[in-house]
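Structural description and commentary
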Amino acid sequence: MNICQIEQTSGLCTGCLRTLDEIAGWSGFSDAKRNEVLADLNRRRAETRTKENRV
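What you see is a predicted model, and the numbers here were worked out from it, not measured in a lab. (Residues numbered from 1 in each chain as written. Predicted model: local features only at pLDDT ≥ 70, side-chain atom pairs only at ≥ 80, totals over all residues. Heavy atoms only, no water.)

A look at the state of the cysteines
To be explicit about the condition: We call a pair of cysteine sulfur atoms a disulfide when they lie within 2.5 Å.
Tallied over the entire structure, the rule returns zero disulfides. The thiol of C4 is not disulfide-bonded; the next cysteine sulfur, from C13, is found 3.6 Å away. Lacking any disulfide linkage, C16 is separated from the closest cysteine sulfur, that of C13, by 3.7 Å.

What follows is the structure, given as structure tokens:
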């Protein structure tokens with residue numbers, strides 16, 4: 001996508017689900033830190049789907 005839009009209530013990008021800090025720091029993150037963020041994205045996706053199903 002390459003264009004992030006931050007959802008105000010969650011603080012996450014509506015496309016990639018990263019925080020502003022994660023987006024800004026991505027290029028400087030170590031592989032371990034990137035893997036940590038990527039692993040957390042799976043949880044965020046699941047939570048987002050759960051919230052969408054409730055609406």
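Alright, that's what it looks like, and here's the rest.
Side note on unusual backbone geometry
The line we're drawing: A run of H or I in DSSP counts as a helix once it spans at least four residues, and a run of E counts as a strand once it spans at least two, with each numbered from the N terminus.
A positive phi angle, near 65°, is found at L17, a position not held by glycine. Within the element layout of this structure, L17 appears in the segment before α1 (20-25).

Comments concerning the side chain of E22
For clarity, the threshold we go by: The rule is simple: take the accessible area with a 1.4 Å probe, protein chains only, and divide by the maximum for that residue type; under 20% is buried, over 50% is exposed, in between is partly exposed. We define a polar contact as two N or O atoms separated by no more than 3.5 Å, with the added condition that, inside protein, one atom must be a possible hydrogen donor and the other a possible acceptor, whereas residues neighbouring each other in sequence contribute only through side-chain atom pairs. The contact rule is simple, with two residues in contact once any of their heavy atoms fall within 4.5 Å.
Here E22 is to be found in helix α1. Of the residues examined, E22 reaches a relative accessible area of 12% and is grouped as buried. A polar side-chain atom of E22 sits 2.9 Å from the main-chain amide nitrogen of T19. The residues touching E22, leaving out its near neighbours within four places in the chain, are F29, V37 and R44.

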